[in-house]
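Each chain, letter by letter, is given below.
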Amino acid sequence: MSDTALNGTSQANPALDSAIKKAAKHLMPMLVILYFVAFLDRTNVGFAEDALQMDRGISAGAFALGAGIFFIGYAIFEIPSNLLLKKFGARFWLARIAITWGIVAAAFAFVTDDTSFIVLRFLLGVTEAGLFPGVILFLSEWFPNKHRVQMFAIFYLAQPFSQMLGAPLSGGLISFGETLTPWAGWQVMFFVEGMMAVVAGIAAIFLLINGPQDAKWLNQAEKDALIDVMAKEDTVRESDGPTGIWRAMGNWKVWYFTIIYFCLQIAVYGTTFYLPQQVSNLIGQDVGWQVGLVAAIPWLVGLFACYFFGRAANTILRRRRWGTTFYIITGLAILASAWAGSAGQPILGILFITIAVASFLSVGPITWSYPTAFLTGTAAAAGIGLINSLGNLGGFVAPLMRTGINEAVPTESGTWGIVSLGVFAFLAAIMLFCTKFFSAKADALLEAEQNVDVESEAPGL
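Described below are features of the structure shown in this document. (Residues numbered from 1 in each chain as written. Predicted model: local features only at pLDDT ≥ 70, side-chain atom pairs only at ≥ 80, totals over all residues. Heavy atoms only, no water.)

Looking only at helices and strands, the protein has 20 helices and two strands in total. In terms of overall size, the protein behaves like a compact globule, its C-alpha atoms giving a radius of gyration of 22 Å where 461 residues would be expected to give roughly 23 Å. Principal axes of the C-alpha set define a box for the protein whose edges measure 65 × 45 × 40 Å. Per-residue burial for the protein yields a buried fraction of 57% across its 461 residues. A fraction of 79% describes how many contacts in the protein between residues 6 or more apart in sequence connect residues 24 or more apart. Element-wise, carbon and sulfur atoms account for 68% of the exposed surface of the protein, whose accessible area totals about 18200 Å². Taken as two groups, the 26 positive and 30 negative side-chain charges of the protein have centres that lie 8 Å from each other. (Helix = DSSP H or I, 4+ residues; strand = E, 2+ residues; numbered from the N terminus. Rg over C-alpha atoms; globule rule 2.2 N^0.38 Å. Buried < 20%, exposed > 50% of the residue type's maximum accessible area, 1.4 Å probe, protein only. Contact = heavy atoms within 4.5 Å. Areas by Shrake-Rupley, 256 points an atom, 1.4 Å probe, with all protein chains shown as cover. Lys, Arg positive; Asp, Glu negative; His and termini not counted. Charge placed at Lys NZ, Arg CZ, Asp CG, Glu CD.)

Turning our eyes to something else, we now look at the environment of threonine 243. Note that threonine 243 resides in the loop between α10 (220-240) and α11 (245-250). We classify threonine 243 as partly exposed; its relative accessible area is 41%. Along the chain, threonine 243 and threonine 376 lie 133 residues apart, while their C-alpha atoms are 7.9 Å from each other. Excluding anything up to four places from it in sequence, threonine 243 contacts Glu238 and Ala379.

A word on the packing of helix α3 (residues 60-88) against helix α5 (residues 114-128). Packing of α3 against α5 brings their axes to within 7 Å, and their N-to-C directions diverge by 30°. Judged by the angle between their axes, α3 and α5 are roughly parallel. By crossing handedness, the relation of α3 to α5 is classed as right-handed. Facing Ala62, Phe63, Leu65, Gly66, Ala67, Ile69, Phe70, Ile72, Gly73, Tyr74 and Phe77 of α3, the residues of α5 in contact are Asp114, Phe117, Ile118, Arg121, Phe122, Leu124, Gly125, Val126 and Glu128. In terms of residue class, the contact of α3 with α5 is built from 14 nonpolar, three polar and three charged. (Axes fitted to C-alpha atoms, helices over the stretch in contact; angles between N-to-C directions. Parallel < 35°, antiparallel > 145°, perpendicular 65-115°, else oblique. Left-handed = near helix turned anticlockwise from the far one by under 90°. Nonpolar A, V, L, I, M, F, W, Y, C, P; charged D, E, K, R; others polar.)

This next bit is on the pattern of salt bridges. In total, this model carries five salt bridges according to the counting rule given. When the shortest N-O distance is used, the salt bridge between lysine 22 and glutamate 222 registers 3.0 Å. Of this pair, lysine 22 sits in helix α1 (residues 14-43) while glutamate 222 sits in helix α10; the two residues are 200 residues apart in sequence, bridging distant segments of the chain. Under the relative-accessibility criterion, lysine 22 is labelled partly exposed at 28%. The closest approach of N and O atoms between aspartate 234 and arginine 237, which form a salt bridge, is 2.6 Å. Here aspartate 234 and its partner arginine 237 are both found in helix α10, three residues apart, which amounts to about one turn of the helix. (Salt bridge = Lys/Arg side-chain N within 4 Å of Asp/Glu carboxyl O.)

We now examine a nonpolar patch on the surface. Together, Ile72, Ile76, Phe77, Phe396, Val397 and Leu400 give the surface a local cluster of nonpolar side chains, amounting to about 480 Å² of exposed area. Looking at the nonpolar patch, the elements that each hand over two or more residues are α3 and α18 (394-408). Inspection of the secondary structure assignment puts isoleucine 72 in helix α3. (Patch = residues over 30% accessible without salt bridge, like charges linked within 9 Å, V, L, I, M, F, W, Y side chains within 5 Å.)

Set out below in structure tokens:
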């Protein structure tokens, strides 16, 4: 039997295929919008750095602390937020997250000094905590394992969209504010983009559905088919994974994938934080519209790569082989971009950065397919929250590590700081490849459409 794609119909269960198509159509746009606005509010502070220093006297030290302290608040409250999502339902809790973080993001328009800036950055992390793992948990309860990576990939598209569209949007709001309002441009940017999150949160209340049983846009046959397959998957996951909050947090597989995700975030944030500066160095131009256009190329290519490979990664063999390969390519491309910078090869440098971005965007959804294959219930809420909270600390470590290494081993292009990022990608590749030695019923579950007995154990997660 051929693999089932969202644009095809399975002869085995057309009601299930129809339910999955409808669920993707009704749920995914809202989730992508939420993540898009979250990324926008998380990163737009970079556009206001100079203005905040001039208008409010925010010191460079306070700005650096504020940039990093976001991840501390984010990490502390990830697991509690995910557990509360499980208790109150994704529809209400994801909307609550968006509305509260939007209010905090808008409050940056009223920053007065170092203290208020740092406090708001911490609160932004606290209020946004739970969005990403909450959506991962939500999708794992709506979509069967075979289609889950594709849904994760669609959700991930918000990242390249935010990188491509966020810069002109933020810049445009600053220009609008300076020329057409009595407020400073950076104040207008913070307030408008914060209110975008509030509006998105209100919309989520009406557009998200907690589960198939509540979806009015599914007929009864579609509801029964989707509920049945998800119940069967839950039975397998319950027999194969930890049960309860504390067992999930102490489970060795959860910690194993936490390390993998931490390595991925080192590569992601270590690259993206400095992408404009690296492009500027490569092409010999100051950061401006030319650098912005060139810096958008990797995200444009990554958008298509993420969707294509997420759609096709519907067998365990593809996920393991492709995931391992993408981690290796990420590491090699990061190393190659460091070489291109030191050798004065701008075109090759942009090419290698593009390959790195396309690779780590593609491997993210594949990586998340592993923990969601053996975690369910409150164990999934705690486990997914733990993986994302500690993994995202890579965003805190990466800039410090890259800067520290460059200071210890200075070069004109910062070669060794970039090289350090690639090392972690190679470690993730080795760890993902080694999952072939695991024993997991989730493998048989994933291959159920190939007439595999879902109750039997199969080697390799």
